[in-house]
Amino acid sequence: MTSLYRLLPSVDSILAYVSTEKTYGDLPRAFIRDLVNDFLEVCREEIRAGAVRDEQDLDPSRLKSRLEAYLKVQTRPHFRRVINATGVVIHTNLGRSILNKKAAQAVWESCLGYSNLEFSLDTGKRGSRYSHVEELLCRITGAEAGLVVNNNASAVLIILDTLAKGKEVVVSRGQLVEIGGSFRIPEVMAKSGAILKEVGATNRTHLKDYQAAINEQTGALLKVHTSNYRIIGFHKEVSLKELVVLGEKYGLPVIEDMGSGNFFDFAAHGYHFMVEPTVQQVVKDGVSVVSFSGDKLLGGPQAGIIVGKKEFIDQIKKNPMNRAIRIDKMTLAALESTLRFYLDPLVAMKEVPTLRMITMKAEEIKKEAHKLRSRIKRNLGQEVKLSILPAQSRVGGGAFPEQDLPTWLVGIKVMSLTCDQLKEKFLRTDPPLIGRIEDDFFCLDPRTISSDEYSLVCDVLKQALK
Ligand SMILES: *Cc1c(COP(=O)(O)O)cnc(C)c1O
């Protein structure tokens with residue numbers, strides 16, 4: 001065993017070899033030295049554990065390729081691109097919405113040069129970062145005013161903090177939701193200093209329940225979109241319109257947390273099965289303020305968008321908390337660019353990747369599935385068994401939770417591997433590919449794979465089978 005240790009090369013000899021390679025050139029030498037030491041420690045551990053017994057396992061060319069693989073893994077960025085083959089369009093774990101190229105270009109420009117972020121080009125004096133998108137938001141939604149913060153969770157927080165701190169906020173028991181990632185409405189309200197006044201039952205809440213809860217402590221009425229679940233069967237919710245009438249009667253603002261707030265009316269564009277109120281409708285129904293995410297159905301960057309009546313938006317703008325949750329310039333650039341597409345809903349449907357993927361017809365996806373299958377077959381013909389399977393994709397992001405979108409999958413089977421083993425291998429490729437298992441096939445859903453990525457998919461598949 002001691003003789004095996006002696007076969008390991010010295011750190012300096014490895015470094016001399018590594019320094020002739022350009023690949024790790026932009027990382028400091030001291031860091032590479034640490035990694036080489038770590039690598040040798042892994043080798044020693046293998047000898048100690050008896051996993052390496054043979055001199056051949058330590059032969060220089062074998063060690064070299066292992067070292068290279070080790071350094072490649074250790075020096076690549078931790079936060080990386082992946083291929084989303086799951087068919088879940090707004091996949092929260094995979095970064096929710098992806099941006100249109102023009103929006104990405106706007107981000108690029110906003111951070112490579114200086115900008116008029118808080119500078120008025122009309123007066124040559126200080127300006128407001130909120131001015132860049134407020135007009136667009138108002139034009140699209142019909143609201144009087146708007147502002148944008150870091151994400152929707154912070155939007156809800158600042159709305160409650162501004163309009164209902166120390167006061168009671170009436171909300172239906174059926175809407176006390178946990179969105180995931182530990183965002184729970186009751187807990188956010190507690191943080192804001194508003195006092196939760198639950199009314200009704202889990203499945204049914206009536207207007208009279210809200211009415212009975214109103215007293216001199218009441219600060220607002222709140223409606224929460226139950227995003228990620230549906231109550232079916234014997235249930236009742238009070239409509240926003242009814243709440244607005246009640247709010248007006250008692251002089252109380254009516255707040256709505258829309259979650260995924262969309263501008264695009266799916267039902268009106270041929271997707272009659274996808275019925276969700278739009279932000280435009282909520283504004284029209286007279287909401288005081290409504291908030292929603294930028295990176296869910298809207299298909300933009302992470303942001304919390306607040307629109308509504310000017311008297312309330314003005315108060316929210318002045319809340320010092322605003323400074324702690326403000327939106328950054330890159331997000332603003334992406335958001336303005338994304339919002340512009342919505343000036344024409346048909347343009348948005350084509351140009352906003354999230355909308356385009358959601359509205360892809362099954363027939364179109366089937367064609368793509370065949371294209372992808374032929375590509376894979378040409379590249380890996382003998383090694384894999386391929387199949388085209390009908391299935392369902394999901395919108396994700398808590399939007400349309402029960403809505404199946406018909407799709408066609410490319411199923412892959414490799415004789416020597418189980419589906420789970422294949423799935424595991426795809427996590428180690430570069431870039432990693434995330435898919436799903438159905439009918440004993442590892443499946444790729446073309447809904448969320450761009451045709452530009454097909455050659456990458458073939459490449460990744462080769463890596464996985466190596
Ligand atoms: C997603 C969601 C949130 C949180 O939005 P983020 O943009 O992720 O902060 C809040 N409320 C509802 C109803 C949601 O669906």
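We now turn to the structure provided with this report. Note that the structure is a prediction, hence the values are computed from the model and not measured.

1. With respect to the overall build of the protein
Here's step 1: When you go through the protein residue by residue, the secondary structure sums to 19 helices and 16 strands.
Here's step 2: If you line up the protein on its principal axes, its C-alpha atoms span 90 × 50 × 45 Å.
Here's step 3: Residues classed as buried in the protein amount to 48% of the 466 residues present.
Here's step 4: Contacts in the protein between residues at least 24 apart in sequence constitute 74% of all its contacts with a sequence separation of at least 6.
Here's step 5: Accessible area for the protein stands at about 23500 Å²; split by element, carbon and sulfur atoms hold 52% of it.
Here's step 6: Side-chain charges in the protein split into 64 positive and 57 negative, and the spacing between the mean points of these groups amounts to 2 Å.

2. Describing the pattern of salt bridges
Here's step 1: The final tally for this structure, using the stated rule, is 26 salt bridges.
Here's step 2: Across the pair E198 and R173 runs a salt bridge, and its minimum N-O distance is 2.9 Å. With E198 in strand β7 (residues 195-199) and R173 in the loop between β4 (168-172) and β5 (178-180), this pair connects stretches of sequence that are 25 residues apart.
Here's step 3: Residue E198 is classed as partly exposed on the basis of its relative accessible area, which comes to 36%.
Here's step 4: Across the salt bridge formed by K310 and D314, the nearest N and O atoms sit 2.8 Å from each other. Within this pair, K310 and its partner D314 are both found in helix α12 (residues 310-318), separated by four residues, close to a single helical turn.
Here's step 5: For D314, a relative accessible area of 22% translates into the label partly exposed.
Here's step 6: One salt-bridge network, in which partners are shared between bridges, spans E41, R44, E45 and R48.

3. Quick look at the packing of helix α7 (residues 152-164) against α12
Here's step 1: Packing of α7 against α12 leaves a shortest axis separation of 9 Å and a crossing angle of 105 degrees. Taken together, the axes of α7 and α12 lie roughly perpendicular to each other. Taking contact as the criterion, the partners of I158, I159, T162 and L163 in α7 are, on α12, F312, Q315 and I316.
Here's step 2: When the residues that make up the contact of α7 with α12 are grouped by side-chain class, the tally is five nonpolar, two polar and no charged.

4. Let's talk about helix α8 (residues 185-192)
Here's step 1: Those residues of α8 lying buried are I185, V188, M189 and S192. Taken end-on, α8 shows its buried residues confined to a sector of 100 degrees, consistent with a single buried face. Residues of α8 that are exposed and point over 90 degrees away from its buried face: A190 and K191.
Here's step 2: Those residues of α8 hidden inside the fold are in contact with α7, β4, β6 (183-184), β7, β8 (218-224) and β9 (254-259).
Here's step 3: At the exit of α8 stands G193, carrying a positive phi of roughly 90 degrees.

5. Regarding the pairing of strand β13 (residues 405-413)
Here's step 1: Within β13, seven of the nine residues are buried, which leaves it mostly tucked inside the rest of the structure.
Here's step 2: As paired elements, strand β12 (residues 385-396) and β13 share nine bridges and run antiparallel to each other. In the sheet register, Q392 faces β13, and the bridge partner there is P406.
Here's step 3: As defined by bridge partners, β13 adjoins strand β16 (residues 441-444) across three bridges and the pair is classed as antiparallel.

6. Observations regarding the packing of aromatic side chains
Here's step 1: According to the stated counting rule, one finds seven aromatic pairs in the structure shown.
Here's step 2: Summarising the aromatic geometry, the rings of F264 and F266 are spaced 5.0 Å apart at their centres and angled 80 degrees between planes, so their arrangement reads as edge-to-face. Each member of the pair F264 and F266 is classed as buried.
Here's step 3: Taken together, a centroid distance of 6.3 Å and an interplanar angle of 70 degrees make the contact between Y271 and F273 edge-to-face.
Here's step 4: In this arrangement the basic side chain of K413 is found over the ring face of F441, its NZ or CZ atom lying 4.4 Å from the centre.

7. Side note on the environment of R323
Here's step 1: Within the secondary structure, R323 sits in helix α13 (residues 321-324).
Here's step 2: Residues R323 and L297, spaced 26 residues apart in sequence, show a C-alpha to C-alpha distance of 26 Å.

8. What to know about the sheet that holds β4
Whenever strands of a sheet pair, they do so through backbone hydrogen bonds, lying parallel or antiparallel.
Here's step 1: Spatially, the seven strands line up as an open sheet ordered β3-β11-β10-β9-β8-β4-β7, and their pairing is mixed. Each having just a single partner strand, β3 (145-149) and β7 make up the two edges of the open sheet. Along the sheet, successive strands turn relative to each other by an average axial angle of 25 degrees, direction set aside.
Here's step 2: Taken together, the four bridges between β4 and β8 define a ladder with parallel strand orientation. Bridging from a neighbouring strand, V170 pairs with L221 of β8.

Conventions and cut-offs
- Residues numbered from 1 in each chain as written.
- Predicted model: local features only at pLDDT ≥ 70, side-chain atom pairs only at ≥ 80, totals over all residues.
- Heavy atoms only, no water.
- Helix = DSSP H or I, 4+ residues; strand = E, 2+ residues; numbered from the N terminus.
- Buried < 20%, exposed > 50% of the residue type's maximum accessible area, 1.4 Å probe, protein only.
- Contact = heavy atoms within 4.5 Å.
- Areas by Shrake-Rupley, 256 points an atom, 1.4 Å probe, with all protein chains shown as cover.
- Lys, Arg positive; Asp, Glu negative; His and termini not counted.
- Charge placed at Lys NZ, Arg CZ, Asp CG, Glu CD.
- Salt bridge = Lys/Arg side-chain N within 4 Å of Asp/Glu carboxyl O.
- Axes fitted to C-alpha atoms, helices over the stretch in contact; angles between N-to-C directions.
- Parallel < 35°, antiparallel > 145°, perpendicular 65-115°, else oblique.
- Nonpolar A, V, L, I, M, F, W, Y, C, P; charged D, E, K, R; others polar.
- Arc of directions from axis to C-beta.
- Pairing = 2+ DSSP bridges.
- Phe/Tyr/Trp six-rings, centres within 6.5 Å; stacked < 30°, edge-to-face > 60°.
- Lys NZ or Arg CZ within 6 Å of the ring centre and 35° of its normal.

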